[in-house]
Amino acid sequence: MKTMSVLFCAASAVAMVASVSAETPAVPTTQAVKQTLDASAAAWSSGDLKTFMGCYENSPNTRFVGANGIVVGYDAIETMYAATYKKPGASLGKLTLDVVDVKDLGSQYAFVIARFHLKPDTGAEVTGLSTLLFHKVGGRWLINSDHSS
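As a starting point, this report considers the structure included with it. (Residues numbered from 1 in each chain as written. Predicted model: local features only at pLDDT ≥ 70, side-chain atom pairs only at ≥ 80, totals over all residues. Heavy atoms only, no water.)

### Quick look at the overall build of the chain
Next up, step 1: Of regular secondary structure, the chain possesses 4 helices and 6 strands.
Next up, step 2: When the helices and strands of the chain are read in sequence order from the N terminus, they spell out α-α-α-β-β-α-β-β-β-β.
Next up, step 3: Buried positions account for 32% of the 149 residues belonging to the chain.
Next up, step 4: Put simply, of all contacts in the chain between residues at least 6 apart along the chain, 45% involve residues at least 24 apart.
Next up, step 5: Counting every atom, the chain has about 9,100 Å² of accessible surface; 63% of that belongs to carbon and sulfur. (Helix = DSSP H or I, 4+ residues; strand = E, 2+ residues; numbered from the N terminus. Buried < 20%, exposed > 50% of the residue type's maximum accessible area, 1.4 Å probe, protein only. Contact = heavy atoms within 4.5 Å. Areas by Shrake-Rupley, 256 points an atom, 1.4 Å probe, with all protein chains shown as cover.)

Written out as structure tokens, the structure reads:
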């Protein structure tokens, strides 16, 4: 009888864990990355550079590679964006990001290819590709390395 009680308790515990897991499914990496990029593009388009930067991992090791070279560190990347795009009296423009491909690299990293479209207040739309290394930090997918050209 004691064995039956132990088995019943173990089976109950497994059933509870399974039902909790079924109620809170993990968001697929592609969907989580898209949500991050959509939120950052919306922030950029509304002129909110601070919120836009929320898509980057706040780390001194975060990297941005662009036409002007390599920028290392979250704060340096934010400074670079502000100096390059934030002009007095002008908006940052309208940004959209399209996820082209996502490749999981284990449970904590993902390699992402995205296409960006930036329409400034004046002038032609700029478009290009970005290769992004996302890092899962505290349950959020954040950019650890960005190569945009």
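### Remarks on the pattern of salt bridges
Next up, step 1: Summed over the entire model, instances satisfying the criterion amount to 2 salt bridges.
Next up, step 2: Across the pair Lys34 and Asp38 runs a salt bridge, and its minimum N-O distance is 3.0 Å. In this pair, Lys34 and Asp38 are both assigned in helix α2 (residues 29-45), 4 residues apart and thus about one turn of the helix distant.
Next up, step 3: Given the relative accessible area of 42%, Lys34 is considered partly exposed.
Next up, step 4: Classification of Asp38 as partly exposed rests on a relative accessible area of 36%.
Next up, step 5: Among the salt bridges present, the one from Lys50 reaches Glu78, with a minimum N-O distance of 3.1 Å. Placement of the pair is Lys50 in helix α3 (residues 49-52) and Glu78 in helix α4 (residues 74-85), with a sequence separation of 28 residues. (Salt bridge = Lys/Arg side-chain N within 4 Å of Asp/Glu carboxyl O.)

### A short note on the pairing of strand β2 (residues 69-72)
Next up, step 1: Two elements, strand β1 (residues 63-66) and β2, share 4 bridges in a ladder whose sense is antiparallel. Paired with Phe64 across the strands is Val71, a residue of β2.
Next up, step 2: Hairpin connection from β1 to β2: 2 residues lie between these consecutive antiparallel strands. (Pairing = 2+ DSSP bridges.)

### Observations concerning the nonpolar core
Next up, step 1: Judged by nonpolar contacts, the single largest core of 30 residues is most densely connected at Phe52, Tyr56, Tyr81 and Phe134.
Next up, step 2: At the level of elements, α2, α3, α4, β3 (94-104), β4 (109-119), β5 (126-137) and β6 (140-148) are the ones that each hand at least two residues to this core.
Next up, step 3: Examining the composition of this core, we find that 6 residues originate from one element, α2, more than from any other.
Next up, step 4: Setting aside anything within four residues of it in sequence, one finds Phe134 in contact with Val33, Thr36, Leu37, Gln108, Tyr109, Ala110, Val112, Trp141, Leu142, Ile143 and Asn144. (Core = buried A, V, L, I, M, F, W, Y, C linked by side-chain atoms within 4.5 Å.)

### Quick look at the pairing of β4
Next up, step 1: The pairing of β3 with β4 spans 10 bridges and is classified as antiparallel. The residue bridging Lys103 from the neighbouring strand is Phe111, located in β4.
Next up, step 2: Counted between consecutive antiparallel strands, the loop separating β3 from β4 contains 4 residues, among which Gly106 sits at a positive phi close to 90°.
Next up, step 3: Note that β4 and β5 share 10 bridges and pair antiparallel. Among the inter-strand pairings, Ile113 is bridged to a residue of β5, identified as Thr131.

### Observations concerning a nonpolar patch on the surface
Next up, step 1: On the surface, Leu105, Tyr109 and Phe111 cluster together into a nonpolar patch covering about 240 Å² of accessible area.
Next up, step 2: Mapping Leu105 onto the fold places it in the loop between β3 and β4. (Patch = residues over 30% accessible without salt bridge, like charges linked within 9 Å, V, L, I, M, F, W, Y side chains within 5 Å.)

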